[in-house]
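Spelled out, the chains give:
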Amino acid sequence: MRVHEALAELELVDHHCHGVTRHDLDRPAFESLLTEGGVTPFDTPTGIAVRRHCAPVLDLPPHAPPEEYLERRAELGAEEVNRRFLHASRTHTFCVDTGHTPIPLTTPAELAEAARGTAYEVVRLESVAEKLKADGVEPGDWAEEFTRAVHDAVRAPGVVAVKSVAAYRTGFALDPTRPAPQEITRAARSWLGREGRLDDAVLVRHLLWTAVEAGVPLQLHTGFGDGDIRLHRADPSLLTDWLHAIPGDVPVLLLHCWPFQRQAAYLTSVFSRVYLDVGLTLHHVGPVRAAAVLAEALEITPFGKLLYSSDAYGVAEFYALGALAFRRGLGDLLQDRVDAGELSPPDAVRLARWAGAENARRIYRLRDRF
Amino acid sequence: MRVHEALAELELVDHHCHGVTRHDLDRPAFESLLTEGGVTPFDTPTGIAVRRHCAPVLDLPPHAPPEEYLERRAELGAEEVNRRFLHASRTHTFCVDTGHTPIPLTTPAELAEAARGTAYEVVRLESVAEKLKADGVEPGDWAEEFTRAVHDAVRAPGVVAVKSVAAYRTGFALDPTRPAPQEITRAARSWLGREGRLDDAVLVRHLLWTAVEAGVPLQLHTGFGDGDIRLHRADPSLLTDWLHAIPGDVPVLLLHCWPFQRQAAYLTSVFSRVYLDVGLTLHHVGPVRAAAVLAEALEITPFGKLLYSSDAYGVAEFYALGALAFRRGLGDLLQDRVDAGELSPPDAVRLARWAGAENARRIYRLRDRF
Amino acid sequence: MRVHEALAELELVDHHCHGVTRHDLDRPAFESLLTEGGVTPFDTPTGIAVRRHCAPVLDLPPHAPPEEYLERRAELGAEEVNRRFLHASRTHTFCVDTGHTPIPLTTPAELAEAARGTAYEVVRLESVAEKLKADGVEPGDWAEEFTRAVHDAVRAPGVVAVKSVAAYRTGFALDPTRPAPQEITRAARSWLGREGRLDDAVLVRHLLWTAVEAGVPLQLHTGFGDGDIRLHRADPSLLTDWLHAIPGDVPVLLLHCWPFQRQAAYLTSVFSRVYLDVGLTLHHVGPVRAAAVLAEALEITPFGKLLYSSDAYGVAEFYALGALAFRRGLGDLLQDRVDAGELSPPDAVRLARWAGAENARRIYRLRDRF
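These figures come from a predicted structure and were not determined experimentally.

Conventions used here
- Residues numbered from 1 in each chain as written.
- Chains lettered and ligands numbered in written order.
- Predicted model: local features only at pLDDT ≥ 70, side-chain atom pairs only at ≥ 80, totals over all residues.
- Heavy atoms only, no water.
- Pairing = 2+ DSSP bridges.
- Helix = DSSP H or I, 4+ residues; strand = E, 2+ residues; numbered from the N terminus.
- Axes fitted to C-alpha atoms, helices over the stretch in contact; angles between N-to-C directions.
- Least-squares fit on C-alpha atoms with pLDDT ≥ 70 in both.
- Contact = heavy atoms within 4.5 Å.
- Phe/Tyr/Trp six-rings, centres within 6.5 Å; stacked < 30°, edge-to-face > 60°.
- Buried < 20%, exposed > 50% of the residue type's maximum accessible area, 1.4 Å probe, protein only.
- Buried area = accessible area lost by both parts, 1.4 Å probe.
- Salt bridge = Lys/Arg side-chain N within 4 Å of Asp/Glu carboxyl O.
- Polar contact = N/O pair within 3.5 Å; in protein donor to acceptor, adjacent residues only side chain to side chain.
- Nonpolar A, V, L, I, M, F, W, Y, C, P; charged D, E, K, R; others polar.

Q: For this particular structure, what's the right way to read the sheet that holds strand β4 (residues 159-164) of chain A?
A: Strand pairing in a sheet relies on backbone hydrogen bonds, with the paired strands running either antiparallel or parallel. All names here are of chain A. Spatially, seven strands are ordered β1-β2-β3-β4-β5-β6-β7 in an open sheet, and the strand pairing comes out parallel. The open sheet is flanked by β1 (12-17) and β7 (274-276), the only strands paired with a single partner. Across the sheet, the mean angle from the axis of one strand to that of its neighbour is 25°, orientation sign disregarded. Here strand β2 (residues 91-97) runs beside strand β3 (residues 118-124); their pairing, made up of five bridges, is parallel. In the strand pairing of β3, Thr-93 is matched with Thr-118.

Listed below in structure tokens is the structure:
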């Protein structure tokens, strides 16, 4: 069987995504969800890919103008639109980060229903910390209470992983050592006494150490993100000392990575616990560049270390577009190698299935859950 | 119309270039202008591209040997050589950085005449500062006098932008905040009391803050340059905090960017005021790699954010080579997407025109000037 | 002659490699040598390339399963296997780093004999320092004794270069200045009084300054390596200030470089003494990506500045695989340019020979040695 067919048949495991809005969207609302920053959103690679590949899912011709696209989208209504794109993605399993909801989004259960699939939950650790702060806690109790809250959170049904957005808050150029109790108390006293998100370096370090001891895989946002990111501090290679220092062997999954996919690949090649995806990037760079980005990521990454994620957020188009870019990009990359005699056809199909589903099933122990 | 034809017909706007020498050049002089550093200059990608693409403009066969090339160049004389390459570039509009003239170069007016086009001026802010120092100023008056000098400079006829070479002087890992008046005075006292170019971090910060308040677009050299650059400090993502801090909305244009074209692209995708080009790179990497570099730059850059520049300096070959690499590279990239059904032909032509001319016309308000 | 033929005929100069084990290897031992880190080693790009390209050298079909490969390898025995792969590499000259032998490896003479070629020695400076420490030296004598030891080492017959692994020990974000004598004594006192490898920043700086005054080329590991590297500190552009500061003109050779091949290329383009290779990377990324990595490295690198190395270590497969990836990658890159009319056929053949052998012969003065 050829690689593209194998990938077309394969029901993907999307190991990192978010919910989708249940509401109809006007043009400004749709455009603000279409790009990370919000400038001329339809004349970006994403916008062009939406018009090319998503328009036909809504019964429009490829390259339909933005106005027609939005009109047809409104006509069908959010529920039908979401259903169509989720169906088009041929994704069966979703690991949903539920911790970032400036707008109301579907729950994992709602997402699963719309997709006729299965959804698991990924607990965002910064949200756990911020909830604990809102609930009230003494600085001297922070270390223990936060640890307890994380352990409780990961024991909830359906939770398969934790995630940190430390990349956004402090970046990765952190002291790699575990902070001492008195440091944590001092930092907690300062942070609990002021407004604002978790951005204290000591508490973020404590969060990361707590994370790898919680017993479930840890997802880390790395590289590209919205305007809040400082790209040079989100280079995953800055985590090397920390990766050497941490105990145990729970998987650490580097999300997105672009433009540091080669740095991330290095980490997957030398740390048995480290994995990567190039999600988010996929629907931003679109099918036209997915193979190129994957090719860089895969220059040295062991094939057991690559996962698929859409990082879809807000609009259902991204489930379809991420899946398309992944299938097309990985399919082209592997089939070209088969055609050049560099890879055997059965190996190519096996590696495609690993990346699209099997690696995630193994890492998150999804089989044990059925 | 196919993309290559549209780009061939389009008269480019070169939003960042320098003048060209009026004098005939012997081999060492020509070679020293051919590369940033000056080692085996004809056996570089640039040198190979000059022999391939510039030789025919001088009536020689492609791949003519260096000796023949230089002999023919001398025979025709600088004026005719300059005229031919400027004509071959099919560039109509030039924004000329007039602040770097270790050798005498054409003025914008002379360049415009040779090209039968129009030339505007870009004021280099470090040159304004260094002239002010040479003219004599009290440390306590520095902040005010420099600001006044910049405001005067941008009001001169034909000036469309300011430019900073902070990348060369301090790099971008600067405190992003506006320096306090007493800091500026102290720094001015130190710098005015010694020899040397503007390389004081406080005064460079003041220069950058002054720049975005001068009311015209700000061009910033980023990435690759001559031997004076420290590449790791010229990564434009180091500017993120500063871009969040500055007021107003005058455009900030990231010049050249290589090898940080993806980092620059990130900034264009999240800051509505940020734009980029991959000039300079184009004639260094040559037509054979222009599409690859552009493809990386365009992975996430909105198409309204890409500009063309040659960054030509000293020898007129670079106007022709930059334009050729841009037209070929962007043309291949867009036409390939059209051929793959990923982009509609009218969109492709529209985006090509934006990048080659329209974006620059809009950003620098060039139409208002006719 | 076409480029691939010229490269096939050319006997390569491998300017940086290590010895190979003389012993038969069981599966864990083979796998641990196959990758830098040791995870699922046969399902990496290297492992796939070994099965594809090395299996036929052992009379197996391409893509032979790992078990068959290892069985056949054991059947033939280490000596025959080494002989076959060295012969398949068509490498005549080897510059062998003899300073890293956690397992016993062939000497340069043994390697030369197995390859029916010539081997020279590269002295690893950290090993010289660590031997001096083991032999016993007073802190106050360190500077002088280490300098003497290096000068003695480079005068030994067959020594053509020195090498530093400063990238592993401290990284390149070092004070670029030469350390003062009292600093060196103080640092030596501290380091000589404790266990451990040479990782003191002052002594590493002294080592680098001593190196460029020893009168032979200096090889520097940069970029990708095993789990000990901190990739973000192994970016060669961090060396820029040091390259400006050092005296003399002995060549400085940047080894490997990935993923910083563009940063390394910048340095080769502005410093006449700086050269690069993309060895190590070649057998890790395999023939399928060698052209892509070389294309990035060669965007601005003068063709007189590119060298070939295998960085083979431990298993002889890497001599064959590195040579194959280099010949295929550089051949494809140059032939594509010839086919596109961008490069003349004689120039392409000349540049291929430079990179595969001539540049190294010139830089290491190998001709003077016969």
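Q: What exactly am I supposed to notice about the relation of the copies chain B and chain C here?
A: Both copies of the chain are tied together by a single rotation about an axis and a shift running along it. Once chain B is rotated about the relating axis by 120° and shifted along it by 0.0 Å, it coincides with chain C to within an RMSD of 0.0 Å. Taken together, the turn and the small shift mark the pair as related by a three-fold rotation axis.

Q: Even after reading the chapter, I still don't get the relation of the copies chain B and chain A, so can you show me in this structure?
A: Between chain B and chain A, the superposition needs a rotation of 120° and an axial shift of 0.0 Å, giving an RMSD of 0.0 Å. Looking at the interface residues of chain B, only 3% of them are also at the interface in chain A, so each copy uses its own face.

Q: Would you mind going over the packing of aromatic side chains with me for this structure?
A: Each pair of aromatic rings is reported with the distance of its centres and the angle of its planes. In this structure the tally under the stated criterion is 24 aromatic pairs over all chains. Between A:Phe30 and A:Phe42 the ring centres are 6.0 Å apart and the planes differ by 25°, which places this aromatic pair in the stacked class. Within this pair, whereas A:Phe30 is found in helix α2 (residues 27-34), its partner A:Phe42 is found in the loop between α2 and α3 (45-54), the two being separated by 12 residues in sequence. Summarising the burial analysis for this pair, A:Phe30 and A:Phe42 share the class buried. A centroid spacing of 5.9 Å and a plane angle of 85° characterise the contact between C:Phe94 and C:Tyr319, whose relative ring orientation is edge-to-face. Taken together, the residues C:Phe94 in strand β2 (residues 91-97) and C:Tyr319 in helix α16 (residues 317-339) connect sequence positions 225 residues apart.

Q: What exactly am I supposed to notice about the sheet that holds strand β7 (residues 274-277) of chain C here?
A: Residues and elements named next belong to chain C. Read from one edge of the open sheet, eight strands run β1-β2-β3-β4-β5-β6-β7-β8, paired in parallel fashion. One side of each edge strand has no neighbouring strand; the edge strands of this open sheet are β1 (12-17) and β8 (306-307). One ladder, built from four bridges, connects strand β3 (residues 118-124) with strand β4 (residues 159-164); its direction is parallel. Its bridge partner lying in β4, Val-122 is registered against Ala-161. Taken strand by strand, helix α13 (residues 261-270) contacts β6 (252-256) and β7, and its axis lies near 150° from that of β7.

Q: What exactly am I supposed to notice about the interface of chain B and chain A here?
A: One frequent convention defines the size of an interface as the accessible area lost when the parts assemble. The interface of chain B with chain A comprises 31 residues on the first partner and 35 residues on the second. Both sides of the chain B and chain A interface together cover about 2,700 Å² of buried area, and 57% of this is carbon and sulfur. Interface area lost by chain B to chain A is led by B:Tyr266, B:Glu299 and B:Glu342, which between them contribute 26%. Run the count over chain B and chain A and you get seven salt bridges. Residues A:Arg51 and B:Asp347 are paired through a salt bridge, measuring 2.7 Å at the closest nitrogen-oxygen approach. There are 15 residue pairs in polar contact (both at pLDDT 80 or more) connecting chain B and chain A. Only α12 (240-245), α13 (261-270), α15 (287-297) and α17 (345-363) of chain B provide two or more residues apiece to the side of chain B that touches chain A. Each residue belonging to the side of chain B that touches chain A can be placed in one class, and the counts come to 11 nonpolar, 10 polar and 10 charged.

Q: Mind showing me how you'd approach the interface of chain B and chain C here?
A: Of the residues lining the interface, 35 residues belong to chain B; the matching set on chain C comes to 31 residues. The interface formed by chain B and chain C includes seven salt bridges. A salt bridge links B:Arg328 to C:Glu342; the nearest nitrogen and oxygen atoms lie 3.0 Å apart. For the interface between chain B and chain C, the tally reads 15 residue pairs in polar contact (both at pLDDT 80 or more).

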